[in-house]
Amino acid sequence: MIYLPTGSQMSEADLYTIEKENIPSRTLMERAASSCVDVLIEEELDLSSTLIVCGVGNNGGDGLAIARLLSEQGLSVAVWLVGDTTRMSFEAKEQLSQLQNTKVIIDSQYPKGFYSLIIDAIFGVGLKREIQGSYKECISFLNQQKVTKVAVDIPSGISSANGQVLGVALQVDLTIAIQCQKLGMALYPGNEYCGRIITKKIGISTLPFEKEKKTVLCFHNDDYYNLLPERPAHANKGTFGKVLVIGGSKGMAGAAYLNAFSAYKMGAGLVRFYTPETNRSILQTLLCEGIMTTYESFHEKECIELLSWADVVLIGSGLGLSETAKEILFCVLENHEKKLVIDGDALTLISQCSNWRERVKAKEIILTPHMKEMSRLLHCDVSTIQENRTEVLTSYVNKNQLCCVLKDERTLVGASNQNPVLNTSGNNAMAKAGSGDVLTGIIGGLLSHGLNAYESGVLGVYLHGLCGDIGREHKGEFGLMASDLAVYLKDAINYVKEVRK
Ligand SMILES: NC(=O)C1=CN([C@@H]2O[C@H](COP(=O)(O)OP(=O)(O)OC[C@H]3O[C@@H](n4cnc5c(N)ncnc54)[C@H](OP(=O)(O)O)[C@@H]3O)[C@@H](O)[C@H]2O)[C@@H](O)CC1
Ligand SMILES: [K+]
């Protein structure tokens, strides 16, 4: 597992290392620069004529130190110093003065020439506001140059906190992340600007953000392997849990089908539909293994009886917003005591009720909103969530004591008192109707094996993304369907086991 700190968390770690571990800032900068030079050599980049574009902060300081190290090897280097040098950081000033006695060309304008490589050391984690004026012109100009580009720490213009482009950003081929990859490099669009990412540790203590439950994690295959549920040999269909799918209004039977099919494919022992009568023959034809109870209107006693049967309830996929849907939903909230996944229309319905959380009895709760549904739950706009997703998610799950799977190109899973986990599996072939219903089913299947909400959310999202990655290989970027995803679950699970070996 790795930490994905924001730039601010990284700056705190820099400071902690300098002050508490007595490693001078200058030493860290030298280590950063020599690590970058190592990468440039290891990657066999053409270093015959390098342009290093430096800002006036410590990212620029890294760039100036790289210029000196390359020049010491007899290589031709030019530095384009952008920004107001009267505002230069102490460390960058030191680096600049060391460069004066070398052959490196230093210019405050673009030093005209033919370059084999451009190194971006304009902004690192210290970038916090929109880029304008001459900085903007410089980055736009560099974007037009058809030369290999390498970013020091993070491409200039990408917010290390949320991956957004702050006015303009440099598209590079390779990013050398100092000590850790930053959160903004894993999120979109930031990730697309980074090219390949190579991380180089330079001895910055990560203790300050390791202690914080709000630091985002990215799991490795082994972490996922450790979460995979066991399938004991002495088992019957009751061993792997009973899942009740409440979803699929008229015309939306497919959503309930995908929930149930995916829960079965994830290994659930028994899956039952509770769905409108109009869906009966459709669902029984699609999934003969699904047990069926149907309704035409709300019957409290029937609903409560079904809840006492179920270990896990999945409610909301294609449920609709009717009065009956609402009555069933609140009956579930107020009576189901075990595990509960709230998806789709059920999320919209709870967002219209200010005290919904107080009414929930379930001991484990997972919400699976996409950005729009999250914005309804929080009564704010989508961009506010996208810009501050970690803070928004952590405060929501802690306030409501539940697990929330915030679906996006990069899904983030949060749970009370746990670090949020950012998922990196999956691809754009999965951006299709029904994909979320499959995820809900997979999570249901994991819950029914005894995993807790956080574990089911984290592993479920990863497996779902892997199904998309494997599925794209077989069905293509255009043709992959949501129902295919669940079919590839067996390959996804095998992949996690195989990589472990
Ligand atoms: N010893 C250490 O600490 C180590 C640090 N390391 C390296 O340092 C990097 C972090 O350095 P940093 O904190 O100095 O920030 P950095 O990214 O250079 O930018 C700050 C400068 O940009 C300016 N500025 C910001 N936004 C702007 C805008 N929109 N438009 C215009 N200007 C803007 C800002 O100006 P100000 O806000 O002060 O007006 C300030 O001048 C880190 O990524 C890593 O590469 C490593 O070597 C390891 C050891
Ligand atoms: K940079």
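Nothing here was measured: the structure is a model prediction, and the numbers come from that model. (Residues numbered from 1 in each chain as written. Chains lettered and ligands numbered in written order. Predicted model: local features only at pLDDT ≥ 70, side-chain atom pairs only at ≥ 80, totals over all residues.)

Another aspect to go through is helix 19 (residues 453–479). With 27 residues, helix 19 should reach 39 Å at 1.5 Å per residue; the first-to-last C-alpha distance of 32 Å falls well below that figure. Bending of helix 19 peaks at approximately 90° at the position of E473. (Helix = DSSP H or I, 4+ residues; strand = E, 2+ residues; numbered from the N terminus. Expected span 1.5 Å × (residues − 1). Bend = angle between axes of the 7 residues up to and from the residue.)

Before going further, it helps to examine the sheet that holds strand 7 (residues 174–178). Within the open sheet, the 7 strands sit side by side as 4-3-2-5-6-7-8. Their pairing is parallel. In this open sheet, the two edge strands, each paired with only one partner strand, are strand 4 (105–107) and strand 8 (196–200). The average angle at which neighbouring strand axes cross in this sheet is 20°, direction not considered. By the bridge criterion, 3 bridges tie strand 6 (residues 148–152) to strand 7 in an arrangement that is parallel. By the bridge assignment for strand 7, V152 is matched with I176. (Pairing = 2+ DSSP bridges. Axes fitted to C-alpha atoms, helices over the stretch in contact; angles between N-to-C directions.)

The next thing to look at is the domain arrangement of the protein chain. When the domains of the protein chain are assigned, the result is domain 1 (2–212) and domain 2 (221–500). A separation of 42 Å is found between the C-alpha centroids of domain 1 and domain 2. In this complex, domain 1 contributes 6 residues to the contact, which on the side of domain 2 involves 8 residues. Tallied by class, the residues present in the side of domain 1 that touches domain 2 amount to 4 nonpolar, 2 polar and no charged. (Domains from an automatic or database assignment. Contact = placed C-beta atoms within 7 Å. Nonpolar A, V, L, I, M, F, W, Y, C, P; charged D, E, K, R; others polar.)

A cis amide bond, omega 5°, links Y188 with the succeeding residue P189. Its place among the elements puts P189 in the loop between helix 6 (183–186) and helix 7 (190–194). At E44, a residue that is not glycine, the phi angle is positive and equals roughly 55°. The phi angle at N417 is positive, at roughly 60°, despite the residue not being glycine.

G57, N58, N59, G124 and G126 are the nearest of the 28 residues found near ligand 1. Broken down by secondary-structure element, the contributors of at least two residues to the shell around ligand 1 are helix 1 (7–20), helix 2 (25–42) and helix 3 (58–72). Among the residues forming the shell around ligand 1, the class breakdown is 11 nonpolar, 10 polar and 7 charged. (Near = placed C-beta within 6 Å.)

What follows is about the UniProt feature "domain: YjeF C-terminal" (unreviewed entry) in the protein chain. The positions UniProt marks with the feature "domain: YjeF C-terminal" (unreviewed entry) are residues 220–496. Helix and strand shares over residues 220–496 are 50% and 14% respectively, and the end C-alpha atoms of the span are 10 Å apart. (UniProt positions renumbered as here; feature names shortened; annotations may be inferred.)

Let's shift gears to the environment of M481. Checked against the element boundaries, M481 lands in the loop between helix 19 and helix 20 (482–487). Spatially, the C-alpha atom of M481 lies 7.1 Å from that of K432, the residues being 49 residues apart in sequence.

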